[in-house]
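Chain and residue survey
This is what each chain is made of:
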Amino acid sequence: MSLSLATSVSSFTTIVTKLRASGCVFAEDEARLILSTARTPAEVISMVDRRVDGLPLEHVLGWAEFCDLRIAVDPGVFVPRRRSEFLARQALSLAAPRAVVVDLCCGSGALGAVLAEAFGQLELHAADIDPAAVRCARRNLGPAGGQVHEGDLYEPLPAALRGRVGILLANVPYVPSGAVALLPAEARVHEARVALDGGADGLDVLRRVTALAPRWLAPGGHLLFETSERQAPQAIETVARDGLIPRVATCDDLEATVVIATRPN
């Protein structure tokens, strides 16, 4: 912590007290993150005030930790969830050096960034319909040579990728429309609805992804997406109907369910 004024014991205690009073369960941890990120005492005050007002911590800090990487997260952009680290790890176990990787509904680009960090030499493309997410993903993926496209699912991708994609990541929105109002305010108020709302049963966007996935995947290529445990059986049926071979991976610790769908050779 570099800010002598802000890092005094009394300042730290005051920040923790203020955060805890606003309902922050991990007030001490959040105070340390704010103090380590802020560059001036005035910025500390501003960040604490924004957090107390309900802004997600990651939007306050301007970054989120994901698979040990610091991912830039701008206001309004979907914050990568810790459970999605399981999706990233599944992709890492299947990807090969110099693979062609596409990250649909990329948000901040966190998933693509993890693969780029692990493999270095990748042909990496990402796409999102939200302009704010596209700007953010370009900051995260640009240094690794990733290309980020603005548009609806596959529509903005280069046609030359068809039939060549080895890893197709699609962290699609899967919250049923009627349940969006039940989400915590940090997501419901401060993240784009398009990143959360998956339609009546939560699978509308997924169906659009799986329907066209065989055209983009290379033979033996994999589509990976996150879903809920309840939605998994229906998601598997959708994948199989579209000609892909599905299997399910789960992580109890993270309460994560990932479907891996493979294009037959």
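Rules used in this analysis
Residues numbered from 1 in each chain as written. Predicted model: local features only at pLDDT ≥ 70, side-chain atom pairs only at ≥ 80, totals over all residues. Heavy atoms only, no water. Buried < 20%, exposed > 50% of the residue type's maximum accessible area, 1.4 Å probe, protein only. Helix = DSSP H or I, 4+ residues; strand = E, 2+ residues; numbered from the N terminus. Arc of directions from axis to C-beta. Contact = heavy atoms within 4.5 Å. Pairing = 2+ DSSP bridges. Axes fitted to C-alpha atoms, helices over the stretch in contact; angles between N-to-C directions. Salt bridge = Lys/Arg side-chain N within 4 Å of Asp/Glu carboxyl O.

This part is about helix α10 (residues 232–241). Those residues of α10 lying buried are A232, A235, T238 and V239. End-on view of α10: buried residues confined to an arc of 120°, all on one side of the axis. In this structure, α10 carries E237 and R241 as exposed residues pointing more than 90 degrees from its buried face. Elements that come into contact with the buried residues of α10 comprise α9 (204–216), β7 (217–227), β8 (245–251) and β9 (256–262).

Another point: the sheet that holds strand β3 (residues 100–104). If you walk across this open sheet you meet the 7 strands as β5-β4-β3-β6-β7-β9-β8, and the pairing is mixed. The strands lining the two open edges of the sheet, one partner per strand, are β5 (147–150) and β8. Across the sheet, the mean angle from the axis of one strand to that of its neighbour is 20°, orientation sign disregarded. Across 4 bridges, the pairing between strand β6 (residues 165–170) and β7 is parallel. Residue pairing for β7: L168 is matched across the bridge by L223. Across the sheet, helix α5 (residues 84–94) lies against β6, β7, β8 and β9, angled at about 165° from β7, the strand it touches most.

For C67, which is not a glycine, the phi torsion comes out positive at approximately 50°. Not every positive phi belongs to a glycine, and D68 is a case in point at roughly 70°. For D68, the position within the fold is in the loop between β1 (63–66) and β2 (69–72). Residue classification places D68 among the exposed positions, given a relative accessible area of 70%.

For the structure on display, the rule yields 13 salt bridges. D74 is the salt-bridge partner of R139, the closest N and O atoms lying 2.4 Å from each other. Residue R139 is found in helix α7 (residues 131–141), and its partner D74 is found in the loop between β2 and α5; the two are separated by 65 residues along the sequence. On the basis of relative accessibility, which here comes to 49%, the residue R139 falls in the partly exposed class. Among the ionic pairs, E123 bridges to R164, the shortest N-O distance being 2.8 Å. Residue E123 is located in strand β4 (residues 123–128), and its partner R164 is located in the loop between β5 and β6; the two are separated by 41 residues in the primary sequence. Each of E30, R51 and E186 takes part in one network of salt bridges that share partners.

Looking at where A64 falls in the secondary structure, it is placed in strand β1. With 46 residues separating them in the primary sequence, A64 and A110 have C-alpha atoms 9.2 Å apart.

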